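# Architecture at a glance
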Amino acid sequence: MKTDFTLLTLYENFPDEESCIRYFEMMRWGDKVISPFDPTSKVYKCSNGKYKCKNTGRYFDVKTGTAFAKTKMPMRKWFSVMMLLLTHTRGISSCQVASILKIKQRTAWGMMQKVRQYMSMENNHKLSGEVEIDETFVGGKNKNRHKDKKVEKCQGRSYKDKVPVFGILERGGKLIAKVVPNTQARTLVPIVKKNVEVGSTVYTDGWSYKGLEGKYEQLSVDHGKHFYGETYVTDDGEIIVVSTNGIENAWSLFKRRLKGTYIRVSKKHLQKYVDEFVFRFNTRNFTDSQRFNLLLRNIA
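Just so it is clear, the structure is predicted and the values come from calculations on it, not from any experiment. (Residues numbered from 1 in each chain as written. Predicted model: local features only at pLDDT ≥ 70, side-chain atom pairs only at ≥ 80, totals over all residues. Heavy atoms only, no water.)

### Thoughts on the pattern of salt bridges
Heads up, the condition is: What counts as a salt bridge is simple: a side-chain nitrogen of Lys or Arg found within 4 Å of a carboxyl oxygen of Asp or Glu. Each helix is a run of H or I in the DSSP string that is no shorter than four residues. Each strand is a run of E no shorter than two, and both are numbered from the N terminus. The rule is simple: take the accessible area with a 1.4 Å probe, protein chains only, and divide by the maximum for that residue type; under 20% is buried, over 50% is exposed, in between is partly exposed.
The full count for this structure, using the stated rule, is nine salt bridges. For Arg-171, the salt bridge goes to Glu-130, with nearest N and O atoms at 3.8 Å. One end of the pair, Arg-171, is in the loop between strand 5 (163–170) and strand 6 (175–179); the other, Glu-130, is in strand 4 (residues 130–138), with 41 residues separating them in the sequence. Take Arg-171: its relative accessible area is 24%, and that puts it in the partly exposed class.

### Details of the nonpolar core
We apply this condition: Put simply, buried Ala, Val, Leu, Ile, Met, Phe, Trp, Tyr and Cys residues joined by side-chain atoms within 4.5 Å make one nonpolar core. We call two residues in contact when some of their heavy atoms are within 4.5 Å.
Grouped together as the largest cluster of nonpolar side chains are 61 residues, with contacts concentrated most on Phe-68, Phe-79, Met-82, Leu-270, Phe-292, Leu-295 and Leu-296. Residues contacting Leu-296, with those up to four places away along its chain left out, are Tyr-23, Phe-24, Met-27, Phe-68, Phe-79 and Met-82. By size, the runner-up hydrophobic cluster in this structure holds 16 residues, among which are Ile-168, Leu-188, Val-196 and Tyr-216.

### Considerations on the packing of helix 4 (residues 94–101) against helix 5 (residues 105–119)
Using the following cut-off: Between N-to-C directions, angles cover 0 to 180 degrees, with each direction set by a line fitted to C-alpha atoms, over the stretch in contact for helices. In what follows, roughly perpendicular refers to angles from 65 to 115 degrees, roughly parallel to angles under 35, roughly antiparallel to angles over 145, and oblique to any angle outside these ranges. It is the rotation of the near helix from the far one that decides the hand of a crossing: anticlockwise by less than a right angle makes it left-handed, clockwise makes it right-handed. Polar here means any residue other than Ala, Val, Leu, Ile, Met, Phe, Trp, Tyr, Cys and Pro, which are nonpolar, and Asp, Glu, Lys and Arg, which are charged; Gly is therefore polar.
At a minimum axis separation of 8 Å, helix 4 and helix 5 run at an interaxial angle of 115°. Viewed along their axes, helix 4 and helix 5 adopt a mutual orientation that is roughly perpendicular. For the pair helix 4 and helix 5, the crossing hand works out as right-handed. Taking contact as the criterion, the partners of Ser-94, Cys-95, Val-97 and Ala-98 in helix 4 are, on helix 5, Gln-105, Ala-108, Trp-109 and Met-112. Among the residues making up the contact of helix 4 with helix 5, the classes are represented as six nonpolar, two polar and no charged.

### Notes on the sheet that holds strand 8 (residues 217–220)
Short version of the rule: We treat two strands as partners when DSSP finds at least two bridges between them.
One open sheet holds the five strands; their spatial order is 6-5-4-7-8, and the pairing between them is mixed. In the strand order of this sheet, the two ends are held by strand 6 and strand 8, each with one partner. Geometrically, the sheet is characterised by an average inter-axis angle of 25° between neighbouring strands, direction not taken into account. In the sheet, strand 5 pairs with strand 6 via five bridges, with the strands oriented antiparallel. The residue of strand 6 that forms the bridge with Gly-167 is Ala-177.

### Things to note about unusual backbone geometry
Not every positive phi belongs to a glycine, and Asn-48 is a case in point at roughly 60°. In this fold, Asn-48 is placed in the loop between strand 1 (43–45) and strand 2 (51–53).

### Re helix 8 (residues 270–282)
Cut-off, in case you're wondering: How far a helix is expected to stretch is found by multiplying one less than its residue total by 1.5 Å.
The terminal C-alpha atoms of helix 8, which comprises 13 residues, lie 18 Å apart, in line with the 18 Å expected from a rise of 1.5 Å per residue. Burial of helix 8 is extensive: eleven of the 13 residues sit out of reach of the surface. Buried within helix 8 we find Leu-270, Tyr-273, Val-274, Asp-275, Glu-276, Phe-277, Val-278, Phe-279, Arg-280, Phe-281 and Asn-282.

### Some words on the packing of aromatic side chains
Here is the rule: Working definition: a ring pair exists when centres of Phe, Tyr or Trp rings (six-membered ring for Trp) sit within 6.5 Å. Plane angles under 30 degrees give stacked, over 60 give edge-to-face, the rest tilted. Only when the NZ atom of a Lys or the CZ atom of an Arg is both within 6 Å of the ring centre and within 35 degrees of the ring normal do we say a charge sits over the ring.
This model, assessed by the stated rule, comprises twelve aromatic pairs. The interplanar angle of 80° and the centroid separation of 5.1 Å between the aromatic rings of Phe-14 and Phe-79 together place this pair among those described as edge-to-face. Residue Phe-14 is found in the loop between helix 1 (7–13) and helix 2 (17–29), and its partner Phe-79 is found in helix 3 (residues 75–87); the two are separated by 65 residues along the sequence. Taking the relative accessible area as the measure of exposure, Phe-79 reaches 0% and is therefore buried. Joined through ring pairs, the aromatic side chains of Phe-14, Tyr-23, Phe-79 and Phe-292 make up one cluster. The ring of Tyr-11 carries the charged tip of Arg-76 above its face, separated from the ring centre by 4.2 Å. Positioned above the aromatic ring of Tyr-203 is the side chain of Arg-171, whose terminal nitrogen or guanidinium carbon lies 3.9 Å from the ring centre.

This is the structure in structure tokens:
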């Protein structure tokens, strides 16, 4: 596949529906077709791209059990949706996708949501070494609201009118981000313990994460007192940078993505948009075609 990945090169690589199906079969099965109903069964090739599982007697195709199953939309359209989602740095709206592919907006939105479902597999890693943790809050600014829609006492860490998102960033590595119901230690600490190796150094923004003591080395900055970090050298010559600038930079990119493209995202669907951002962030050193293949393997 060409590295310069555009809608034009996509159509050059996949000129028809058959080429899309063959490529997806290679991603899912490799050289040998495997029945989704019984992996040990012998498989018979039938017409119209169908296969039959000998042990169960059931028919299937390469789309069975995936996001593409039971859909009337051609695979070429699905590949196009994936490509458009992955190659637009700041995201792309369902209205734009619908306009480009000549489909209904609600159809485009539904297809994009199904694809985002498989991006979530990149939002589940075990991090180690030096990690930064921080929360951000998604929602409009109170000062921008109409007088009769302003929310009282919603400054700072209040989330009365916003949705909190908790993030963990391994320096130079992966990001994990989860929509959470609140920012209490009893909610956030289990997420850290699940996703960060014991013995790692955890950098925080000064908020108290009770429960990390003993298992992690915890260093903090305090933005409230205008302390944004420091760099020092230990007796062993190790350079320690105390800051949460990495995770805050990730949040900045995430907020610009939401404000610039998606405008308003409901709490119900926010995690899928977070998953999309994390997938893009964690594959930031990939080419567009490598990112496309990774997503296609997740779906397969």
